Amino acid sequence: MPKSHLNFIGRFQAFLGQIESAERIDNLELTQTQKDSQKADYFFRDREIICEFKVFESDSRHKIEDVIRPHTLRDDWPIVVGAPRPLERILERLPDGEEIKRQIFLKVSDSVERNIRKANGQIRDTKTSFDLPNSTGLLVLVNETVHSLTPKTIVSRIGLALTKRTVDKKPQFDQISAILLIQPAHVLEGSGNKPIIGLFAIENALSRNQKLNDFVNCLMERWGVFEGITMEPRNWGNLDQPFVPAKWDL
C-alpha cells in the first residue's frame with residue numbers, strides 16, 4: 001500500500017509545493033488589490049499555469065431522497081414486497097424513469113459544477129490581479145471522503161460542465177484548460193489486494209492547452225514517485241470499472 005492515507009490532502013499539497021517554480025499564492029507578498037480579489041492556490045512554470053485546489057466535503061446522498069420522495073406518492077410507483085429492490089430496478093418500471101435518473105444525477109453531482117464555477121472565477125481574477133493574460137488554468141479536484149460521488153458521476157458531470165456555452169456561444173468555463181481528479185474515496189483492487197487510487201486527467205476541449213496537458217501528465221508521474229507507487233495507465237473510457245468505496249485503516 002502507498003504511504004498512510006492519513007493527511008492525504010496535506011501530502012498532496014506538500015507534493016505540489018515541491019514542484020520546481022511552484023508558488024503558493026497566499027504566501028506571496030500581495031498588493032491590496034490582490035488581497036481583496038479572489039485568488040487561486042498555486043502558480044507553476046513561472047506563472048504560466050494557475051492552479052486551484054478543491055476538495056469535496058459534503059455527502060450528497062440525501063439529495064436522492066429529495067428527488068424520489070414526491071414520486072413515491074404517484075399511483076404508478078411500484079409497491080415493493082419483501083426485500084428492498086435497487087432504486088434503478090424500480091425506476092426501470094416507470095415511463096419517466098430515465099428523466100428521474102437524470103434529475104438524481106444532476107442533484108447528486110451539483111457540487112462538481114459548483115466547484116468548477118468557483119475555480120473558473122478564481123483563476124480569472126488571479127489572471128487579472130497579477131496581470132497574467134496568457135496564463136492557463138488547472139483545477140485539481142480531490143474526493144477523499146464522499147462515497148456518493150463515484151468516479152463515473154464526477155467525470156460525467158465534469159464533461160457536461162465543460163461543454164456548456166454562454167448565450168453568445170463562448171465556453172462558459174473558459175479559464176480552466178484541464179482538470180485533474182484524484183479519487184481516494186473509491187479504489188480499484190490491485191494485485192495483492194492493494195488499493196489503486198484513480199487519477200483522471202480531463203482536458204477542456206473548448207479551452208485546450210498542450211503545455212498544460214504535458215504538465216499534468218508529468219505531475220501524475222511524479223506523484224507516483226512521491227508516493228512510492230507504480231502508476232498503471234489504463235483506459236478509463238467508460239469508467240465502468242469495479243470501483244469500491246475505500247475502507248482505509250486509519
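Keep in mind that this is a model prediction, so the values were computed, not measured.

Trainee: Go over the nonpolar core, please, and point to the residues and values.
Mentor: Counting residues in hydrophobic clusters, the biggest one holds 36 residues, and the most contacted among them are Ile116, Ile158 and Ile179. Among the secondary structure elements, those contributing two or more residues to this core are α3 (62–68), α4 (87–91), α5 (97–108), α6 (110–129), β4 (136–142), α7 (151–162), β5 (176–189) and β6 (195–203). Among the elements that make up this core, the one with the highest residue count is α7 (5 residues). Contact partners of Ile116, with chain neighbours within four places excluded, come to Leu139, Ile158, Ala161, Phe173, Ile176 and Ile179. The next biggest cluster of nonpolar side chains, apart from the first, holds 24 residues, and it includes Tyr42, Ile49, Phe53 and Phe215.

Trainee: So what about the pairing of strand β3 (residues 49–55)? Which residues, and what values?
Mentor: With 6 of 7 residues buried, β3 is to be regarded as a mostly interior element. Pairing analysis gives 3 bridges linking strand β2 (residues 42–44) to β3, with the strands arranged antiparallel. Counterpart to Phe43 in the pairing with β3 is Ile50. Between β2 and β3, which pair antiparallel in sequence order, lie 4 residues; one of them, Arg45, sits at a positive phi of approximately 50 degrees. The pairing of β3 with β4 spans 7 bridges and is classified as parallel. Opposite Ile50, over in β4, you have Gly137 as the bridge partner.

Trainee: So what about the confidence of the model for the protein chain? Which residues, and what values?
Mentor: The share of residues in the protein chain with pLDDT of 70 or more is 84%, and the mean pLDDT across the chain is 83. When pLDDT is averaged over each element of the protein chain, β2 comes out on top at 97 and strand β7 (residues 244–245) at the bottom at 62. For residues 1–6, every residue scores under 50 in pLDDT, and the model assigns this stretch 16 contacts once sequence neighbours within four places are set aside.

Parameters at a glance
Residue positions are given per chain, counted from 1 along the sequence in the order it is written. The predicted nature of this model means local features are confined to residues of pLDDT at least 70 and side-chain atom pairs, given and counted, to a pLDDT of 80 or more, with totals for whole chains, interfaces and linings taken over all residues. Side-chain descriptors were evaluated using all non-hydrogen atoms of the structure, hydrogens and water having been removed beforehand. Residues belong to a common nonpolar core when they are buried Ala, Val, Leu, Ile, Met, Phe, Trp, Tyr or Cys residues joined through side-chain atoms within 4.5 Å. Only protein chains enter the accessibility calculation, which uses a 1.4 Å probe; a residue whose area is less than 20% of its type maximum is buried, one above 50% is exposed, and one in between is partly exposed. Runs of E in the DSSP output that reach at least two residues are strands. Runs of H or I that reach at least four are helices, and both are numbered from the N terminus. Note on contacts: a residue pair is in contact if any heavy atoms of the two residues lie within 4.5 Å. The rule for pairing is simple: two strands pair if DSSP sees at least two bridges between them. Per residue, pLDDT measures the predictor's confidence, with a range of 0 to 100.

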